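Analysis of the macromolecular model
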Amino acid sequence: MEEILNDSVVPIELEKFEKKYNEELSNGTVTTTTQFEYAYCMVRSDFASDMKTGLVLLEDLFVKHPEGRRDYLYYMAIGHTRLKEYSEALKHAQAFLEIEPNNQQVIALEELIKKRMDIEGLKGVAKATGAALVVGGILGLGLALLKK
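Throughout, residues of each chain are indexed from 1 in the direction in which the sequence is written. At least 70 in pLDDT is required for a residue's local features to be given in this predicted model, at least 80 for side-chain atom pairs to be given and counted, and no such filter applies to totals for whole chains, interfaces and linings, which use all residues. In computing side-chain properties, one takes all heavy atoms of the structure into account and sets aside hydrogens as well as water.

In DSSP terms, a helix is any run of H or I states spanning at least four residues, a strand is any run of E spanning at least two, and both are numbered starting from the N terminus. For the protein chain, the count of helices and strands is seven helices and zero strands. Tracing the protein chain from N to C terminus, the helices and strands come up as α-α-α-α-α-α-α. Counting all 148 residues of the protein chain, 33% fall into the buried class. For the protein chain, the accessible surface area stands at approximately 9200 Å², while carbon and sulfur atoms represent 59% of it. Any residue under 20% of the maximum accessible area for its type is buried, any over 50% is exposed, and the rest in between are partly exposed; the area is computed with a 1.4 Å probe on protein chains only. For accessible areas, the Shrake-Rupley method is used with a probe of radius 1.4 Å. Any residue's cover is judged against the shown protein chains and nothing else.

We now examine the nonpolar core. To form a nonpolar core, buried Ala, Val, Leu, Ile, Met, Phe, Trp, Tyr and Cys residues must be joined to one another through side-chain atoms within 4.5 Å. Grouped together as the largest cluster of nonpolar side chains are 33 residues, with contacts concentrated most on Tyr-38, Leu-58, Tyr-74, Ile-78, Leu-109 and Ile-113. Broken down by secondary-structure element, the contributors of at least two residues to this core are α2 (11-27), α3 (32-43), α4 (48-64), α5 (69-82), α6 (86-99) and α7 (104-147). Looking at this core element by element, the count peaks at seven residues for α5.

The next subject is α6. Counted at 1.5 Å a residue, the expected span for α6 with its 14 residues is 20 Å, and the 20 Å between its end C-alpha atoms agrees. Among the residues of α6, Tyr-86, Ala-89, Leu-90, His-92, Ala-93, Phe-96 and Leu-97 are the ones counted as buried. When α6 is viewed along its axis, its buried side chains cluster within an angular range of 165° and face the same direction. Away from its buried face by more than 90 degrees, α6 exposes Ser-87 and Glu-98. Take the residue count of a helix, subtract one, and multiply by 1.5 Å to get its expected span. Each direction from the helix axis to a C-beta atom contributes to the arc, which is the arc of those directions.

The next point concerns the environment of Gly-68. The residue Gly-68 is located in the loop between α4 and α5 in this model. Looking at Gly-68, the relative accessible area reads 11%, which means it is buried.

Once that is clear, we can look at the UniProt feature "repeat: TPR" (unreviewed entry) in the protein chain. UniProt positions are given in the numbering used here, feature names are shortened, and annotations may be inferred rather than shown by experiment. Under the local residue numbering, the UniProt record ascribes the feature "repeat: TPR" (unreviewed entry) to residues 70-103. What you have in residues 70-103 is 79% helix and 0% strand, and the ends, taken at the C-alpha atoms, are 11 Å apart.

For this analysis, a salt bridge means a side-chain nitrogen from Lys or Arg found within 4 Å of a carboxyl oxygen belonging to Asp or Glu. One pass over the full model with this rule turns up nine salt bridges. Note that Glu-37 is salt-bridged to Lys-20, the shortest N-O span being 3.4 Å. Taken together, the positions of Glu-37 in helix α3 and Lys-20 in helix α2 put the pair 17 residues apart, joining distant regions of the chain. In this structure, the salt-bridge partner of Lys-114 is Glu-110, at a minimum N-O distance of 3.7 Å. Here Lys-114 and its partner Glu-110 are both found in helix α7, four residues apart, which amounts to about one turn of the helix. By relative accessible area, which is 39% here, Lys-114 ends up partly exposed.

This next bit is on the packing of α4 against α5. Every axis in this analysis is a line fitted to C-alpha atoms, fitted for helices over the stretch in contact. Angles between the N-to-C directions lie between 0 and 180 degrees. Two elements in contact, α4 and α5, have axes separated by 9 Å at closest approach and are oriented at 155°. Taken together, the axes of α4 and α5 are roughly antiparallel relative to one another. With respect to the hand of their crossing, α4 and α5 are arranged in left-handed fashion. Taken together, the residues of α5 that come into contact with α4 (itself represented by Met-51, Leu-55, Leu-58, Glu-59, Leu-61, Phe-62 and Val-63) are Arg-69, Tyr-72, Leu-73, Tyr-75, Met-76, Gly-79, His-80 and Arg-82. For classification, angles of less than 35 degrees are called roughly parallel, those exceeding 145 degrees roughly antiparallel, those between 65 and 115 degrees roughly perpendicular, and all remaining angles oblique. Whether a crossing is left-handed or right-handed is set by the direction in which the near helix is turned from the far one by less than a right angle, anticlockwise for left-handed and clockwise for right-handed. Working rule for contacts: check all heavy atoms of both residues, and any pair within 4.5 Å makes them a contact.

So this is what it looks like as C-alpha cells:
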C-alpha cells in the first residue's frame, strides 16, 4: 500500500493530461475520462496544491457521474492520505467499502490510514506534553529567580 501512496506522477505525464484537460475546457466540454485522467495525475503530484486540485476534480466527478463513484472514492482516499488529511481519507475509504466490502486493497488502505491517525495522534500528544514541560520549566525557573 505504501508504494501506491508514494507513487508520483512523471511531470511529462502530468503536462500531457493537463494540456488535454485545458484544451477540452477551452472548447467548452471536458469528458469524464479526461477529467478523471487529469485528476488522477494531480492526486499523484508531489505538490499539495496539485493534489487539492485533483481532489476537487474527483469530487466533481463523484457528484456528476455516479457510475464511477468507486474509483473516485478510492483516489480521493489516496489524495487525502497523501495530504495527511486522515479523517477525510478514512471517510472515503469507508464509503468505498460500503460499495465493495471485500476489496482487500481498500481494506489495507483503511488500516494504513488508521495506523497513521494513531501515529499522528501520538505525535500530537508528545508535542503537547513537550510544550507543557517547556512552559513548566520556564515557570519554574522564573519562580526560582523571583525567590532570590
